[in-house]
Amino acid sequence: MTCYETDMEACREAIRHGSLSFHMASRLLPASVRDPSLALYAFCRLADDAVDLQQQKAAAVLRLQDRLDRIYDGRPDNAAADRAFARVVEDFDMPRALPDALLEGLAWDAMGRRYETLSELFDYSARVASAVGVMMCVLMRVRDPNALARACDLGVAMQLTNIARDIGEDALEGRIYLPLEWLDEAGLNPDQFLDNPKATKAIRQMTRRLVMQANRLYMRSEAGVAGLPVSSRPGIYAARFIYAGIGGQVQRSGYDSISSRARTSRPQKLGWLAVSAARAAMTVVMPKSAVLYARSLPETMFLVNAAGRENERRSRSDAIFEALSQAAQRERDQQNALNGAQGRLT
C-alpha cells in the first residue's frame, strides 16, 4: 500500500467515526471526487477536534493556522490528514481564502463569540460550513458563481440544522448560538439560560425558527445541484436530504433539543440515499430552475468571490487573529497561575 493509500485509509476511518452522515453521502460520489472530499473532511474534522477537545482553544486555533501555512508551503506535518489535504490543495488549486474562512469560524468559537442577529449567525455558518461546501465545488471543478451560491445556501442550512439539534449539548458546554435578539425579544437572559437550560415554549419557538430557516435554504440549494457534474449530483442530494432529515427529527421532538438529541437511523439514511439517486436522475431531463440564479446570501458572497478567482487570497482578519493571540496569552497566564497555585499546595 502506497503512502497516499495509507493516508486515505486513515481519512476514511476518521470520517467513518466522526461523521456518519457525510460518510454515507460520500458513497454516492464518483471516486475522482470521493477521495479528495474525504481528505478535505478529514482535515476539517481534525481542525474542529483540535480546537474543541482542547482547554486552551485560542492557542489551538493559532497552531492550526501554522499547520495550514505549512500545507500551502508544500511541507505538511507528518500526519495523514495534513498530507492528504496538501495533495488536494496542489491538485485542485484550492484558494487559501476558503480554509482560512473555516479557521476564522473556529477562532470565533475559541473566543466564545455570540451572535446578536440571524445575519451574524449566517456569518458564522458561512465560515464553518459554507466554506466547506465551496471547497467541495472546487473538488468537482465547479467555479460557476451561481452553483457556488447554492452550495453556500446548503452549507448555511446544514449548520443551522446542527445548531437546532445541539442547543442542549452546547448549553452544557457554556455555548449559545441562538441569536441574542431572539432571546431579548422573549425576555430571556442568555447567561441565565446557560445556567439552567430548559426547553421552554420560547426556546422551542426559536428552535423552530432555525429549522424553518434551514428548510428554506435547503429548497434554494436544490437548484444548484443541476450546475454540478452529473456523477456528483446524487452525493450532494444525499447530504441535503440526510441533514434535512435531522431537522425533521427535531421537529418531531416538538423542537425540544434539550431533553434529548435528534438522531436519524441507518434505514432512514439508506432511504434518503435512494431518494437522492432518483432526484439526481431527474435533473438530467428537467430544465434548470430559475432559483439557480438567485443572488448569493450577502454573508456568503466573499466565499463565492474567492472560489471564482483561483489566485485570490482573502487576507487574514488581523483584528480577529490579534484578539486570538491575546486570548491565547490569557490562557497561558491562567495556566501558569494554576500551576503556581498547585505548586504552593504541594
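Residues numbered from 1 in each chain as written. Predicted model: local features only at pLDDT ≥ 70, side-chain atom pairs only at ≥ 80, totals over all residues. Heavy atoms only, no water.

Counting secondary structure elements, the protein chain contains 16 helices and 0 strands. A buried classification covers 51% of the 346 residues belonging to the protein chain. For the protein chain, contacts bridging at least 24 residues in sequence account for 76% of all contacts bridging at least 6. Accessible area of the protein chain: about 15,900 Å², with a carbon and sulfur share of 50%. (Helix = DSSP H or I, 4+ residues; strand = E, 2+ residues; numbered from the N terminus. Buried < 20%, exposed > 50% of the residue type's maximum accessible area, 1.4 Å probe, protein only. Contact = heavy atoms within 4.5 Å. Areas by Shrake-Rupley, 256 points an atom, 1.4 Å probe, with all protein chains shown as cover.)

Over the atoms, a rolled probe matching the size of one water molecule traces out where space is still vacant. Estimated volume of the second largest pocket: approximately 290 Å³. Contributing to the lining of the second largest pocket are 13 residues, with Glu222, Tyr237, Thr283, Pro287 and Ser289 lying nearest its centre. Listing elements by their share of the lining of the second largest pocket, those giving two or more residues are helix H12 (201-225) and helix H14 (266-285). The class makeup of the residues in the lining of the second largest pocket is 8 nonpolar, 2 polar and 3 charged. (1 Å grid on protein atoms, 1.4 Å probe; cavity = no way out; pocket = protein on both sides within 12 Å on 5 of 7 lines; lining within 4 Å. Points joined across faces, edges and corners; volume = space filled by probe spheres on them. Nonpolar A, V, L, I, M, F, W, Y, C, P; charged D, E, K, R; others polar.)

In this section: the environment of Gly155. Structurally, Gly155 is set in helix H8 (residues 145-165). The class of Gly155 is buried, set by a relative accessible area of 6%. The spacing of Gly155 and Leu217 is 62 residues in sequence and 8.9 Å in space, taken between C-alpha atoms. The residues contacting Gly155, other than those within four sequence positions of it, are Ala129 and Ser130.

Looking now at the packing of aromatic side chains. Applying the stated rule across the entire model yields 6 aromatic pairs. Where Phe43 meets Phe85, the ring centres are 4.7 Å apart and the plane angle is 15°; that geometry is what we call stacked. Separated by 42 residues along the polypeptide, Phe43 in helix H3 (residues 31-52) and Phe85 in helix H5 (residues 80-92) bring together distant segments of the chain. Given a relative accessible area of 0%, Phe85 falls into the buried group. With 5.9 Å between their ring centres and 15° between their planes, Tyr237 and Phe241 make a pair best called stacked. Linking Tyr237 with Phe241, this pair stays in helix H13 (residues 233-252), spanning 4 residues, or about one helical turn. On the accessibility criterion, Tyr237 (4% relative accessible area) is buried. With relative accessibility at 12%, the residue Phe241 sits in the buried group. Ring-pair connections join several aromatic residues into one group, and the members of that group are Trp108, Tyr115, Tyr124 and Tyr177. If you follow Arg113 out to its NZ or CZ, it ends over the ring of Trp108, 3.8 Å from the centre. In this structure, Arg209 packs its charged tip against the face of Trp182, placed 4.0 Å from the ring centre. (Phe/Tyr/Trp six-rings, centres within 6.5 Å; stacked < 30°, edge-to-face > 60°. Lys NZ or Arg CZ within 6 Å of the ring centre and 35° of its normal.)

For the rest of this paragraph, the subject is empty space enclosed by the protein. One pass over the structure, following the stated rule, counts 2 cavities of 30 Å³ or more. The space that makes up the largest cavity amounts to roughly 50 Å³. What lines the largest cavity is simply Ile163, Asp166, Ile167, Asp170, Arg175, Ile176, Tyr177, Leu178 and Phe193. For the lining of the largest cavity, the residue count by class is 6 nonpolar, no polar and 3 charged.

No statement about biological role is implied by the geometric values presented.
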